[in-house]
Amino acid sequence: MTSTIDLLTGLHRRVFGFLERLGDSWLLGFIARFSFAAVLWVYFLNSAKTKVGEGFLGFFSVSPGAYYQIALPAVNAAGGDVDAVAFFPWGLIVIMGTYAEFILPLLIVIGLFSRLAALGMIGFIAVQTYVDITVHKIGAESIGAWFDRFPDSVIADQRLLWIVPLTVVILKGPGLLSVDALLTRYSSGKTHALPA
């Protein structure tokens, strides 16, 4: 009986050890980035588009809607006049938040500065969640709770799942199928090619 258990344990260790070694260097980061791209990239892209003007040149101007979405208390304090909102800190926060929503997801998807972009995205999601709950007053039914029998709350459940692939990218990197990996291979090859 012991030899059968040892045989099964050894087989388990060899098979899953091989799979872990095979996928550890490239697969986890790739799966995390693919999941983020498949589920969240279009969401953040469409959300970011609501914060800029129309057309190509509109990309370079932040729309009044961005102020209402990100800095509603400042807009209300200014009597609803977006132009009267102080640049520092509110205007700066709106501009940074708007373009971060375009840039950070793109960096994650292509795998460039992936770990920093994923860390920035987690911070973005935390701020987004705070604004949704405190400023936009999302109700308790949408916020939900962890460890309950309902796995579909918009805030508690979904955003926790958003953070999981980002955490994988932070801890494991973007994987070999990324711009980061290409740059690392290029810089390693270039360093070796230099004369001593």
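The structure this text deals with has already been given above.
Source: prediction; values computed, not measured.

Enquirer: Would you take a moment to explain helix 2 (residues 27-49) for this structure?
Expert: The α-helix winds at 3.6 residues per turn, so residues separated by three or four positions along the chain end up facing the same way. Between its first and last C-alpha atoms helix 2 spans 31 Å; for 23 residues at 1.5 Å apiece the expected length is 33 Å, and the two agree. A bend of about 50° at Leu40 is the largest found in helix 2. When we look at burial in helix 2, the residues that qualify are Gly29, Ala32, Arg33, Phe36, Leu40, Phe44, Ser47 and Ala48. Among the structural elements, helix 4 (64-70), helix 6 (87-110), helix 7 (114-134) and helix 9 (156-172) are those in contact with the buried residues of helix 2.

Enquirer: Just checking my understanding: could you explain the packing of aromatic side chains for this structure?
Expert: What describes a pair of aromatic rings is the distance from one ring centre to the other and the angle between the planes of the rings. Throughout the structure, instances matching the rule amount to eleven aromatic pairs. Consider the rings of Phe56 and Phe60, whose centres lie 5.8 Å apart with planes at 80°: the pair is edge-to-face. Each member of the aromatic cluster is reached from another via a ring pair, and the members are Phe36, Tyr43, Phe44, Phe124 and Trp162.

Enquirer: Would you take a moment to explain the nonpolar core for this structure?
Expert: Most often, soluble globular proteins keep nonpolar side chains buried together rather than apart. Of all hydrophobic cores here, the largest spans 18 residues; its most connected members are Phe36, Phe44, Ile108, Met121 and Leu166. Elements supplying a minimum of two residues to this core: helix 2, helix 6, helix 7 and helix 9. Of all the elements, helix 7 adds the most residues to this core, at six residues. Discounting residues that sit within four places of it in the chain, Phe36 has contacts with Trp41, Phe44, Pro105, Ile108, Val109, Met121 and Leu166. Counting residues in each nonpolar core, the second largest holds nine residues, with Tyr67, Ile70, Val75 and Val94 among its members.

Enquirer: Even after reading the chapter, I still don't get the environment of Ser25, so can you show me in this structure?
Expert: Structurally, Ser25 is set in the loop between helix 1 (2-24) and helix 2. Judged by its relative accessible area of 46%, Ser25 is partly exposed. Through-space distance from the C-alpha of Ser25 to that of Tyr43 is 28 Å; in sequence the pair is 18 residues apart.

Enquirer: Please explain the pattern of salt bridges as it appears in this structure.
Expert: If charged atoms from side chains of opposite charge come close, those side chains can pair. Enumeration over the complete set of coordinates arrives at two salt bridges. Taking the shortest distance from any N to any O, the salt bridge between Lys51 and Glu101 comes out at 2.8 Å. Here Lys51, found in the loop between helix 2 and helix 3 (55-58), pairs with Glu101, found in helix 6; they are 50 residues apart in sequence, far enough to count as distant. Considered together, Lys51 and Glu101 belong to a single accessibility category, that of buried residues. For Asp132, the salt bridge is made with Arg159, and the minimal N-O distance between the two is 2.7 Å. In this pair, Asp132 sits in helix 7 while Arg159 sits in helix 9, placing the two residues 27 residues apart along the sequence. Accessibility assignment for this pair places Asp132 and Arg159 in one class, buried.

Conventions used here
- Residues numbered from 1 in each chain as written.
- Predicted model: local features only at pLDDT ≥ 70, side-chain atom pairs only at ≥ 80, totals over all residues.
- Heavy atoms only, no water.
- Helix = DSSP H or I, 4+ residues; strand = E, 2+ residues; numbered from the N terminus.
- Expected span 1.5 Å × (residues − 1).
- Bend = angle between axes of the 7 residues up to and from the residue.
- Buried < 20%, exposed > 50% of the residue type's maximum accessible area, 1.4 Å probe, protein only.
- Contact = heavy atoms within 4.5 Å.
- Phe/Tyr/Trp six-rings, centres within 6.5 Å; stacked < 30°, edge-to-face > 60°.
- Core = buried A, V, L, I, M, F, W, Y, C linked by side-chain atoms within 4.5 Å.
- Salt bridge = Lys/Arg side-chain N within 4 Å of Asp/Glu carboxyl O.

Functional significance is not addressed by these values, which are geometric in nature.
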